[in-house]
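The primary structure of each chain is shown beneath.
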Amino acid sequence: MPQTANPSYVARIMKERGLSAKKGLGQNFLVDQNIVRRILENAALEGESWVMEIGPGLGALTAPLADRAARVVAVEIDGELAAILRETLVSPKIAIVEGDALRLDWQELLQGAGWRGQPLSLVANLPYYITSPLIMKALESGLPFAAIVVMVQREVAERMLAAPGSKEFGVLSLAVQYYAQGSLVMKVPRTVFLPAPAVDSAVVKLTPRPPQVSAPRGELFEVIRAAFQQRRKTLRNALRPLAKGWNLSLEQLDQALISCGLDPSVRGERLSLEDYSRLTQELLKGV
């Protein structure tokens, strides 16, 4: 198979096929072998591993992944690119699926390709405009990913890995903490893409794990979303509509905050996942 992560290969394919990157699909093709190597090193691949890849583009990651894994199932929304991948990456270890990863049933897709519970990783160079929903779908999929390694806009990486009290901390940060252990693999300059995007990127590794808190997931994230609905509001004021929806009085809301040792005037970004879990459990006592 060709060495797909280099500028000359991408430029040649684009010229031969009359291709231009589609801005609406967030297409920027990776052309740096060192970054490919770092992604591979963090993908938790074994000889029997399967990889689900989202957004393979022209195959910068697809071919190297196939060298290390038993099978790569690559999902590409662009039919033109999917056709090129089928022509240029001919291998029994690679399955190219044309479709929208947000709409597809991932378990059904993998099982249709022959996956039967082998070790599984997710690798993706995510288009910026669908990053958060795709990350959430991966985390909530129930699939036994050993690792989720994603290239994202640097600003999104900061939000994913943010700690309580920082301006980047929010619902996405808490969701990542709930489902996984997150770490920064590397920062990625915009110059390693063709064409170069307007912003820099970063590679983030998520290692899924069982939840470390005991509050029911649905109610926990109702509380979290309510707390961040209007970030400038105090926690007490932000949670008032939620309390009303749960048929709780303001006195019950205040008592729950006091029982958790939380200042009602604090803002949502100051609370940790454990704080939100305790608060959710206190609120549910009055429901």
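The coordinates are above.
**Describing the nonpolar core**
Residues Trp106, Met160 and Leu279 are the most contacted members of the largest nonpolar core, which totals 66 residues. Of the residues forming this core, the biggest block, seven residues, is contributed by helix α9 (residues 217–228). Beyond its immediate stretch of four places on either side in the chain, leucine 279 contacts Val223, Leu235, Leu239, Ala256, Leu257, Cys260, Leu262 and Leu271. Judged by nonpolar contacts, the second largest core, of 31 residues, contains Leu30, Val72, Leu85 and Met151.

**What about the environment of arginine 240?**
Among the secondary structure elements, arginine 240 is positioned in helix α10 (residues 235–245). A residue is classified by how much of its surface remains accessible, and arginine 240, at 37% relative accessible area, is partly exposed. If near-sequence neighbours (up to four positions away) are discounted, arginine 240 is found in contact with Leu250 and Leu253.

**So, the pairing of strand β9 (residues 201–208)**
A regular strand carries its side chains on alternate faces of the sheet. Burial runs high along β9: six of the eight residues are buried. Pairing geometry for strand β6 (residues 145–153) and β9, over six bridges, is antiparallel. Bridge pairing in β9 places methionine 151 opposite valine 203. With eight bridges joining them, strand β7 (residues 180–188) and β9 adopt antiparallel strand pairing. Each residue of the ladder has a partner; that of glutamine 181, found in β9, is threonine 207.

**Quick notes on the sheet that holds strand β4 (residues 94–98)**
Here we have seven strands laid out as an open sheet, ordered β4-β3-β2-β5-β6-β9-β7, and mixed in their pairing. Across the chains shown, the open sheet's two edge strands, defined by having one partner strand only, are β4 and β7. Going across the sheet, the axis of each strand differs from the next one's by a mean of 15°, ignoring polarity. Across five bridges, the pairing between strand β3 (residues 71–76) and β4 is parallel. Residue pairing across strands places valine 75 opposite valine 97, the latter belonging to β4. Against the sheet, helix α6 (residues 131–140) engages β2 (50–54), β5 (120–125), β6, β7 and β9, with an angle of about 175° to β6. Along the sheet face, helix α8 (residues 171–179) touches β7 and β9 and points at about 120° away from the line of β7.

About the thresholds
Residues numbered from 1 in each chain as written. Predicted model: local features only at pLDDT ≥ 70, side-chain atom pairs only at ≥ 80, totals over all residues. Heavy atoms only, no water. Core = buried A, V, L, I, M, F, W, Y, C linked by side-chain atoms within 4.5 Å. Buried < 20%, exposed > 50% of the residue type's maximum accessible area, 1.4 Å probe, protein only. Helix = DSSP H or I, 4+ residues; strand = E, 2+ residues; numbered from the N terminus. Contact = heavy atoms within 4.5 Å. Pairing = 2+ DSSP bridges. Axes fitted to C-alpha atoms, helices over the stretch in contact; angles between N-to-C directions.

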